[in-house]
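The residues making up each chain are set out below.
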Amino acid sequence: QNRVYGAISGLMGSLDDPYSVFFNPDDAKAFEDGIAGNFTGIGMEVGIKDRVLTVIAPLKDTPAYRANIKPGDKILKIDKTVTSGLSIEKAIKLIRGEKDTAVILTIFREGNKDPTEIKIIRDIINIPTLDTELRPDGIFVIKLYSFSANSASLFRNAIKKFAESGTDKLLLDLRGNPGGYLDSAVDISSWFLPSGKTVVTEDYGDDKKPKIFRSKGYNVFNDKLKFVILIDSGSASASEIVAGAMQDHGRAKIVGDKSFGKGSVQEAIKVTPDTLLKITVAKWLTPNGISISDKGLTPDYIVEITKKDLENKKDPQMDKAVELLLK
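This write-up is about the structure you can find in this document.

Here is what the cut-offs are and how they apply
- Residues numbered from 1 in each chain as written.
- Predicted model: local features only at pLDDT ≥ 70, side-chain atom pairs only at ≥ 80, totals over all residues.
- Heavy atoms only, no water.
- Helix = DSSP H or I, 4+ residues; strand = E, 2+ residues; numbered from the N terminus.
- Buried < 20%, exposed > 50% of the residue type's maximum accessible area, 1.4 Å probe, protein only.
- Contact = heavy atoms within 4.5 Å.
- Axes fitted to C-alpha atoms, helices over the stretch in contact; angles between N-to-C directions.
- Parallel < 35°, antiparallel > 145°, perpendicular 65-115°, else oblique.
- Left-handed = near helix turned anticlockwise from the far one by under 90°.
- Nonpolar A, V, L, I, M, F, W, Y, C, P; charged D, E, K, R; others polar.
- Pairing = 2+ DSSP bridges.

Moving on to the side chain of Thr 198. Relative to the assigned elements, Thr 198 resides in strand 13 (residues 198-203). The class for Thr 198 is buried, based on a relative accessible area of 16%. Discounting residues that sit within four places of it in the chain, Thr 198 has contacts with Leu 193, Ile 212, Phe 213, Arg 214, His 249 and Pro 287.

Shown next, in the form of structure tokens:
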């Protein structure tokens, strides 16, 4: 049985796509638990970038976040295991583990000369979703941490709060948001676009017609809405869908750093009752037909956060967004 599983995994590996994977029964259960929204681990999203295991983003208030793990950190080793050639799923399996046990990650961060070892104690991770704040200057901030199954209804409540606040300045912070459900991205985009406008297109190649996901047309805001979205290298997948749709339709100005570039769509297919194939079925394109894969989204205003900014607890991206909204 193990050899059959090994053969299927090898076959998937030959596709040269880090997002297409076979899950044996243990892996399938771990995958389904993770999607359900809580698990035991350290709380970060990882991806393969330039063939290296890379942190997309740590989730807020998790062990990884508190250990100062940053988007873009390259993970060279998990405990004693070298990560080159490891699938994302194998890596996640090594990083996760029992509550209160430790994992040591060897991290290489751009700007540092040498890799560093970071010891992190595992805990139960509940995926955070959303915070809101009305700033003294009248800017309403929605910070969205992930596109989980309940994001759309939480966003609806946040929009209600925004409407009641009496301000016309909205800031959506998608920095460090690794994405999630496509449905949530379409639903959230629908608050800002007329019915029928394209949010995202799934491109299946030459063999199948592309699938267009359109706005549901909640569209409760007029052209007077002042709207800025913050993104960075930790904004991936569904975050890129929302930011890309708003940018292409001219609904919001995008501020920050280039996004991660996760522009492919996976489908989970049951092979047997307890095994899964997660396979890439399409690329998605922004409304203007631009593929996000690999290159990511380019903001209208590129603002980088330097090491010095971090040390001085400065946030030039937020400052730029505020400046644009108050103009």
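Take the packing of helix 5 (residues 151-165) against helix 6 (residues 182-189) next. Look at helix 5 against helix 6: their axes get within 9 Å of each other, and the N-to-C directions meet at 20°. In terms of axis orientation, helix 5 runs roughly parallel to helix 6. For helix 5 against helix 6, the interelement crossing comes out right-handed. Seen from helix 5, the contacting residues are Ser 151, Ala 152 and Phe 155; seen from helix 6, they are Ser 184, Asp 187 and Ile 188. Class assignment for the residues of the contact of helix 5 with helix 6 results in three nonpolar, two polar and one charged.

Mapped onto the elements of the fold, Leu 277 is located in strand 18 (residues 275-285). The exposure class assigned to Leu 277 is buried, which follows from its relative accessible area of 19%. Those residues in contact with Leu 277 that sit more than four places away from it in its chain are Met 12, Val 21, Phe 22, Glu 267, Ala 268, Ile 269 and Val 271.

With that out of the way, let us pick up the sheet that holds strand 11 (residues 139-144). Strand order across the open sheet formed by six strands is 10-11-12-15-16-19, with mixed pairing between neighbours. Sheet topology places strand 10 (130-134) and strand 19 (301-302) at the edges, where each strand pairs with a single neighbour. Direction of pairing for strand 10 relative to strand 11: antiparallel, over a ladder of five bridges. When the sheet's bridge partners are listed, Asp 131 is paired in strand 11 with Lys 143. Seen against the sheet, helix 5 touches strand 10, strand 11 and strand 12 (169-173) and runs at an angle of roughly 175° to strand 11.

Turning our attention to helix 9 (residues 316-326). The element helix 9 is extensively covered by neighbouring structure, given that eight of its eleven residues are classed as buried. All of the buried residues along helix 9 are Pro 316, Gln 317, Met 318, Lys 320, Ala 321, Val 322, Leu 324 and Leu 325. Of the surrounding secondary structure, the elements contacted by the buried residues of helix 9 are strand 11, strand 12, strand 15 (226-231), strand 16 (253-256), strand 19 and helix 8 (307-311).

Function-wise, these values are silent; they only describe arrangement.
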